[in-house]
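Per-entry structural report
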Amino acid sequence: MNDQINLEEFRKDGISAERFASFVKSQLFQNSSNKSHYSISDDKIVEIFKFFDEDQDGYLNKSEYDELEEKWLSCILKPRCALIIVDIQNDFIDGSHAIEEFPANHRDCHPDNHISFIDNIDLWKPVAVDGQHLVSKESKNSIEPGNIVTFNTSFGQIDVNIHLKHCVQGTKGVDLHQDLKFIASAKRVFKGLNPELESYSAFGDDLGKQPTELASILKSANITDVFVCGIAYDYCVRATALGANALGYRTIVIDDACRGTDLVKIQRTKQELEDKACVLVRSDQVESMVKGLDRRPELACYLYTKIVTSGN
């Protein structure tokens, strides 16, 4: 457990409601950058305590405290973390989908006939553009990158955001950028392999038909916290972070290690993530969070909600 917090007295004797409140306020939610503490409401502290106080006597006995530590405290004090680096590939940095000013793992890996490519419109069966039914060949020819096109596919009608061709299997554009450094044990997860399905999230396609192996990789490593960064903030980073959050992982987005396509969409994405209890941080804050020295109440409250709703 974290060296700066000694839990032995609680493990031996349990803890009262008053002592728990004092512990949470004065020790648990530490801000390592300025040696202060993040705030959490008194009502939330009481709610968490009462949930683990099974006999409702105002005191967590040893058994009740053990459950609190196992399910809640241990994750806060000693998280098991994974870093998901999204789409740091040549086509997104200096190729067909280059995003400006990205300071030079998971990867787009599309077949050449992918349904999202503007060059492949004639290969598929578009029926509408931006919600308007196609009525002529001319309207079909007016489709541009950025349009939302509805196609008839073997999965039914699906809406696809149209892009320039990018990250095609067997091309230089699909390769990871040469300046990206990763450890030898890093896992590589490929998405976008099915030509009929768009896959913004590293966890699988947008319809949930064909998940990648990422969820099983995280589960097998007993991961509790997921850090996400990469390209593009308002597309694949967003979808991956929301996917991790939906699967129950405490999710942190490394804000200054992401780049996006549109400032308005990026701001909307940030608000959406925070509304889901994801936390946005700077890259210089990551190490302290991984070590359990910078402990955010938003993530602890998200974990508590997950415990309550799971019934475990």
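Just so it is clear, the structure is predicted and the values come from calculations on it, not from any experiment. Once a new chain begins, its residue numbering starts again from 1 and follows that chain's sequence as written. Thresholds applied to this predicted model are a pLDDT of at least 70 for local features of residues and 80 or more for the giving and counting of side-chain atom pairs; totals over whole chains, interfaces and linings are not thresholded and use all residues. Water and hydrogen atoms were dropped before computing side-chain values, which therefore reflect all heavy atoms in the structure.

**Examining the overall build of the protein chain**
Secondary structure elements follow DSSP: runs of H or I no shorter than four residues count as helices, runs of E no shorter than two count as strands, and numbering proceeds from the N terminus. Broken down by element type, the protein chain carries 11 helices and 14 strands. Think of it in three bands: residues with accessible area under 20% of the maximum for their type are buried, residues over 50% are exposed, and the middle band is partly exposed, with areas taken using a 1.4 Å probe on protein chains only. Each of the 312 residues in the protein chain was classed as buried or not, and the buried ones make up 50%. Of the roughly 15,700 Å² of accessible surface on the protein chain, a fraction of 49% belongs to carbon and sulfur atoms. Each accessible area value is a Shrake-Rupley result obtained with a 1.4 Å probe; residue values ignore everything except the protein chains displayed when judging cover.

**Examining the side chain of Gln 30**
Mapping Gln 30 onto the fold places it in strand E2 (residues 30-31). Residue classification places Gln 30 among the buried residues on the basis of a relative accessible area of 12%. Think of a polar contact as two N or O atoms within 3.5 Å of one another; within protein, one of them needs to be a possible hydrogen donor and the other a possible acceptor, and neighboring residues in sequence only count if both atoms come from side chains. A distance of 3.2 Å separates a polar side-chain atom of Gln 30 from the backbone oxygen of Leu 293.

**Description of helix H2 (residues 17-28)**
Within the span of H2, buried status applies to Phe 20, Phe 23, Val 24 and Leu 28. Down the axis of H2, the sector holding all buried residues measures 95°, keeping them to one side. On the buried face of H2, the contacting elements are helix H1 (8-13), strand E1 (15-16), E2, helix H3 (42-52) and helix H4 (62-77). Directions drawn from the helix axis to the C-beta atoms are what define this arc. Should any heavy atoms of two residues lie within 4.5 Å, those residues are counted as being in contact.

**Structural notes on the pattern of salt bridges**
Any carboxyl oxygen of Asp or Glu that lies within 4 Å of a side-chain nitrogen of Lys or Arg is treated as forming a salt bridge with it. Following the criterion strictly, the structure yields 13 salt bridges and no others. Its salt-bridge partner being Glu 9, residue Arg 19 comes within 3.3 Å of it at the nearest N-O pair. Within this pair, whereas Arg 19 is found in helix H2, its partner Glu 9 is found in helix H1, the two being separated by 10 residues in sequence. A relative accessible area of 42% means that Glu 9 is categorised as partly exposed. One salt bridge connects Lys 44 with Glu 47, and the closest N-O pair in it is separated by 3.2 Å. With Lys 44 and Glu 47 both in helix H3 and three residues apart, the pair spans about one turn of that helix. Here the residues in one salt-bridge network are Glu 8, Arg 11 and Glu 69, joined through shared partners.

**Things to note about unusual backbone geometry**
Ile 231 connects to Ala 232 through a cis peptide bond whose omega is -15°. Within the fold, Ala 232 resides in the loop between strand E12 (225-231) and helix H8 (233-246). With phi around 55°, Gln 56 is a residue other than glycine that occupies positive phi space. Inspection of the secondary structure puts Gln 56 in the loop between H3 and strand E4 (59-60). Accessibility expressed as a relative area gives 49% for Gln 56, which makes it partly exposed.

**Comments concerning the sheet that holds strand E10 (residues 156-161)**
For sheets, the rule is that strands pair by backbone hydrogen bonds, running either parallel or antiparallel. Strands are treated as partners if at least two bridges between them are detected by DSSP. With respect to topology, four strands assemble into an open sheet ordered E8-E7-E9-E10, the strand pairing being antiparallel. The sheet is open, and its two edges are formed by strand E8 (132-133) and E10, each paired on a single side. As defined by bridge partners, strand E7 (residues 126-129) adjoins strand E9 (residues 148-153) across three bridges and the pair is classed as antiparallel. Paired with Ala 128 across the two strands is Thr 150, which belongs to E9.

**Points about the environment of Leu 218**
Tracing the sequence through the fold places Leu 218 in helix H7 (residues 214-220). C-alpha separation for the pair Leu 218 and Tyr 249, spaced 31 residues apart in sequence, amounts to 9.4 Å. In this structure Leu 218 touches Ala 82, Phe 203, Ile 223, Val 226 and Tyr 249, once residues within four positions along its chain are discounted.

**Brief notes about the nonpolar core**
Definition used in this section: a nonpolar core is a set of buried Ala, Val, Leu, Ile, Met, Phe, Trp, Tyr and Cys residues joined via side-chain atoms within 4.5 Å. By size, the foremost hydrophobic cluster in this structure holds 39 residues, and its most contacted members are Leu 218 and Val 226. Of all the elements in the fold, those that place two or more residues in this core are strand E5 (81-86), H7, E12, H8, strand E13 (250-259), helix H9 (263-275), strand E14 (279-281) and helix H10 (286-290). Among the elements that make up this core, the one with the highest residue count is H8 (eight residues). Once residues within four sequence positions are removed from consideration, Val 226 is found in contact with Ala 82, Ile 84, Leu 218, Ala 244, Tyr 249, Arg 250, Thr 251 and Ile 252.

**A closer look at the packing of H2 against H3**
The geometry of a pair of packed helices is captured by two quantities: the angle between their axes and the separation between those axes. Running from N to C, H2 and H3 point in directions that differ by 125°, and their axes come no closer than 10 Å. It follows that H2 is oblique to H3 by the angle criterion. For the pair H2 and H3, the crossing hand works out as right-handed. Of the residues in H3, those touching H2 at Ala 17, Phe 20, Ala 21, Val 24 and Lys 25 are Asp 42, Ile 45, Ile 48 and Phe 49. Here the residues of the contact of H2 with H3 sort into seven nonpolar, no polar and two charged. Each axis is a line fitted through C-alpha atoms, and for a helix only the stretch in contact is used; angles between axes span 0 to 180 degrees, taken between their N-to-C directions. When describing relative orientation, an angle under 35 degrees is termed roughly parallel and one over 145 degrees roughly antiparallel, while 65 to 115 degrees is termed roughly perpendicular and anything else oblique. Note on convention: near helix rotated counterclockwise from far helix by under a right angle means a left-handed crossing. Clockwise means right-handed. Gly falls in the polar group here, along with every residue not listed as nonpolar (Ala, Val, Leu, Ile, Met, Phe, Trp, Tyr, Cys, Pro) or charged (Asp, Glu, Lys, Arg).

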